[in-house]
Amino acid sequence: MTNANANAVAYFQPTLHDFNINPFQKKQVRRYNSFRFIDLFCGIGGIRLGMERAGFDCVFSSDINDECKKTYNANFNELPHGDIVHIHEDEIPDFEILCAGFPCQPFSISGKQKGFDDNRGTLFFEICRIIKAKQPPIVFLENVKHLIHHDGGRTLKIILE
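Residues numbered from 1 in each chain as written. Predicted model: local features only at pLDDT ≥ 70, side-chain atom pairs only at ≥ 80, totals over all residues. Heavy atoms only, no water.

Visitor: What's the story with helix α4 (residues 124-134) in this structure? I'm lost.
Guide: For an α-helix, 3.6 residues make a turn, and residues three or four places apart therefore share a direction. All of the buried residues in α4 are F124, E126, I127 and I130. Buried residues along α4 cover an arc of 160° about the axis, so they all sit on one side. For α4, the elements touching its buried residues are β1 (36-40), β3 (97-100), β4 (138-141) and α5 (154-160). Where α4 terminates, the next one or two residues include Q135, which has phi positive at roughly 55°. (Buried < 20%, exposed > 50% of the residue type's maximum accessible area, 1.4 Å probe, protein only. Helix = DSSP H or I, 4+ residues; strand = E, 2+ residues; numbered from the N terminus. Arc of directions from axis to C-beta. Contact = heavy atoms within 4.5 Å.)

Visitor: Before we go on, may I ask you to explain the packing of aromatic side chains in this structure?
Guide: For any pair of aromatic rings, the description consists of the separation of the ring centres together with the inter-plane angle of the planes. Per the stated rule, a full pass over the model turns up two aromatic pairs. Note on F35 and F56: the rings are 5.9 Å apart at their centroids and 35° apart in plane angle, and the pair reads as tilted. One end of the pair, F35, is in the loop between α1 (3-11) and β1; the other, F56, is in the loop between α2 (46-53) and β2 (57-62), with 21 residues separating them in the sequence. Among the residues examined, F56 registers a relative accessible area of 14% and is labelled buried. A ring pair is formed by Y72 and F76, whose centres lie 5.0 Å apart and whose planes are at 50°; its orientation type is tilted. Of the two residues, Y72 and F76 are both situated in helix α3 (residues 66-76); the distance of four residues between them amounts to about one turn of the helix. (Phe/Tyr/Trp six-rings, centres within 6.5 Å; stacked < 30°, edge-to-face > 60°.)

What follows is the structure, encoded as structure tokens:
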């Protein structure tokens, strides 16, 4: 192999399309473990897609947006439950990982940055309610740009506490 060919091979980055893989297929290629997770503020299922591809099992999903729920259902053949505010902790199956893409607009530099003064910002405390009741060993929250700087760092301090 020539040096030019070796470099070309080294820079080849295969995608799912190169292997004719459907990222939404239910069948798992390899099972690493049996961790169960819940998918809160699930949107169209971006977090779930990664978690399932890693071999984890989704046992519950929730979102308030009807259009997102339709797309999630099309992607995963599961209609998410509605508003988490109206779902009692006992209605949520046991799990090891809580995943949440909680609304970022109240905290992001792209939004109005009202934080916990915005009703969407208080949804973080619904996550806390479920954590307190279920005591999962792992909590996975979506990254929100500017969260560490929001309100002079006080927002992150509240979240960490």
